[in-house]
Structure formats: C-alpha cells, structure tokens
Amino acid sequence: MSDVDPLIKREMQWMALGVLENRDLAPIIIAKVRRQRIRRALTSVLAVFVIAGASIGIYEALNQPAAIVVNPDSGVTGTNAETQPEIIGLQSDYPVTWEQSVGDLGAISGAGGIGDTLGGLTAVGLKISWERCGQGQCPITWILSLENRTQDLISTAPSLGIFTGHTPIVSDSRPTTVLPGGTALLVYSFPEFKESLLTAPRDTWQWNWYLAQLR
C-alpha cells in the first residue's frame, strides 16, 4: 500500500480490514476520500472569493473621493479657494507710495495705481512681501490683482514699475488674457534685490503699473 493515497491508506488502517461481510470496502473508502477532497476544494475556492471580495471592498472604501465643499461666498469649489486669494487694496508691512512716472519707453499707457483702469483692466489690490536686504527691507514679491469689468476679452501685458527714492530701478511685464468679469493675479518677483541693493532704513519705495506692448 505504499503507492496508495495517504487518506485512503489511513481510512483502511482505521477499519483494519479491507472487507466486511463479504463486501469490498475499498470503493466506499475511495468515494469517501473523494468527497472529502471535493469539500476541501470547494471550501478553498469559497475562501478565496470571500477574501478577494473583502479586499476589493476595503480598497474602494479607502479610495472613495472626498466630497467637494462649496463655499457660496467665494464662488470657488474645493481646495481651489485657497489658491485664489482675494486681494483688495494695499497689503504691505511697510509703506509704499504711488509714482506717476512710467519710467519705461515701451509703455503704451499712462501710469496707474490701485483703483485705476487701463485698457479695460482695473487694479483692485496689491500685496507686497518684504525680505531683508542691505540694512533695510526690500519688496521682493508683488501680487497685482486686476479685474476685467468690461464685456470684452482683454489680452494685454500689465507691467509693474518699482522706484526707490523716486528713481526707477526695475520693471517687468506679465502678458495675460482676462475673461469678461474675471480677475487676474499677476505675480512679479525680484529676488535679485537681496543681492544687488544696498538699502538703508530710511529709503523710500514707490510703484506704479502700466500697459506694455505685447511681444
């Protein structure tokens, strides 16, 4: 019986004899073992399906998208509300004044400040971030908020001019297109101020914005 199925061998050893009342028990034992193997196979297949179903359910629950929160006041949904801050008026830790001189030969408009409208765009706010340079503070990053209060699509290049002691030191343009009723937040950054400007605590700062020629 060395080549006999281990389960069949075990069953026959338990019964001790291969015949009972002139009846061969081997077919009965083989059928019994076959049923046991079929039950084990079905149980294994069922367990695999149960585990797979539970895994899929847990995965779907963990990856279900979060509900979008709508802020009725901002008109922006979800996390976009954080990336589009509202800038109204002048926001600055240090005082700056408006300078009338454009100071750029490429200008196609006069100079404007907060509240002024050039080419259909109205400046509604300006936010300035300052960093240490020289012996004082320098306005490194400027964010200009412009609104299109017309019914037309406006494509232009708003430029920012910066002065110190009423002397122009830098200007930069940001070509942009603004939809009717839309707002553009234009970021102007001047990290070179920290390296090249030797400011003093009493230095004065001025600014303006104007429209430059599109290139």
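First, a word on what this report is: a plain description of the structure on this page. (Residues numbered from 1 in each chain as written. Predicted model: local features only at pLDDT ≥ 70, side-chain atom pairs only at ≥ 80, totals over all residues. Heavy atoms only, no water.)

## Quick look at the side chain of S159
Inspection of the secondary structure assignment puts S159 in strand 10 (residues 154-164). Take S159: its relative accessible area is 0%, and that puts it in the buried class. Of the polar contacts made by the side chain of S159, one reaches the side chain of S173; its length is 2.4 Å. Residues contacting S159, with those up to four places away along its chain left out, are D172, S173, Y188, N208, W209, Y210 and A212. (Helix = DSSP H or I, 4+ residues; strand = E, 2+ residues; numbered from the N terminus. Buried < 20%, exposed > 50% of the residue type's maximum accessible area, 1.4 Å probe, protein only. Polar contact = N/O pair within 3.5 Å; in protein donor to acceptor, adjacent residues only side chain to side chain. Contact = heavy atoms within 4.5 Å.)

## A closer look at unusual backbone geometry
The backbone of H166 shows a phi angle near 65°, a positive value even though the residue is not glycine. Tracing the sequence through the fold places H166 in the loop between strand 10 and strand 11 (167-173).

## As for the state of the cysteines
Disulfide: a covalent bond formed between the sulfur atoms of two cysteine residues. Tallied over the entire structure, the rule returns 1 disulfide. With its sulfur 1.5 Å from that of its partner, C133 forms a disulfide with C138. The chirality of the disulfide connecting C133 with C138 is right-handed, given an S-S dihedral of about 60°. Each member of the pair C133 and C138 is classed as buried. (Disulfide = S-S within 2.5 Å.)

## A closer look at the pattern of salt bridges
Enumeration according to the criterion identifies 3 salt bridges in this entry. The partner of E147 in a salt bridge is R149, with the nearest N and O atoms 3.0 Å apart. For R149, a relative accessible area of 56% corresponds to the exposed category. Where D172 meets R174, a salt bridge forms, and the shortest distance between an N and an O atom there is 2.8 Å. A relative accessible area of 24% places R174 in the partly exposed class. (Salt bridge = Lys/Arg side-chain N within 4 Å of Asp/Glu carboxyl O.)

## Thoughts on the environment of L144
If you trace the backbone, L144 turns up in strand 9 (residues 136-148). What makes L144 buried here is its relative accessible area of 0%. Setting aside chain neighbours within four positions, we find L144 in contact with A123, G125, L126, A184, L185, L186, Y188, W207 and W209.

## Some details on the packing of aromatic side chains
In total, this model carries 4 aromatic pairs according to the counting rule given. Three or more aromatic residues joined by ring pairs make a cluster, and in this case those are Y94, W130, F190, F193 and W205. (Phe/Tyr/Trp six-rings, centres within 6.5 Å; stacked < 30°, edge-to-face > 60°.)

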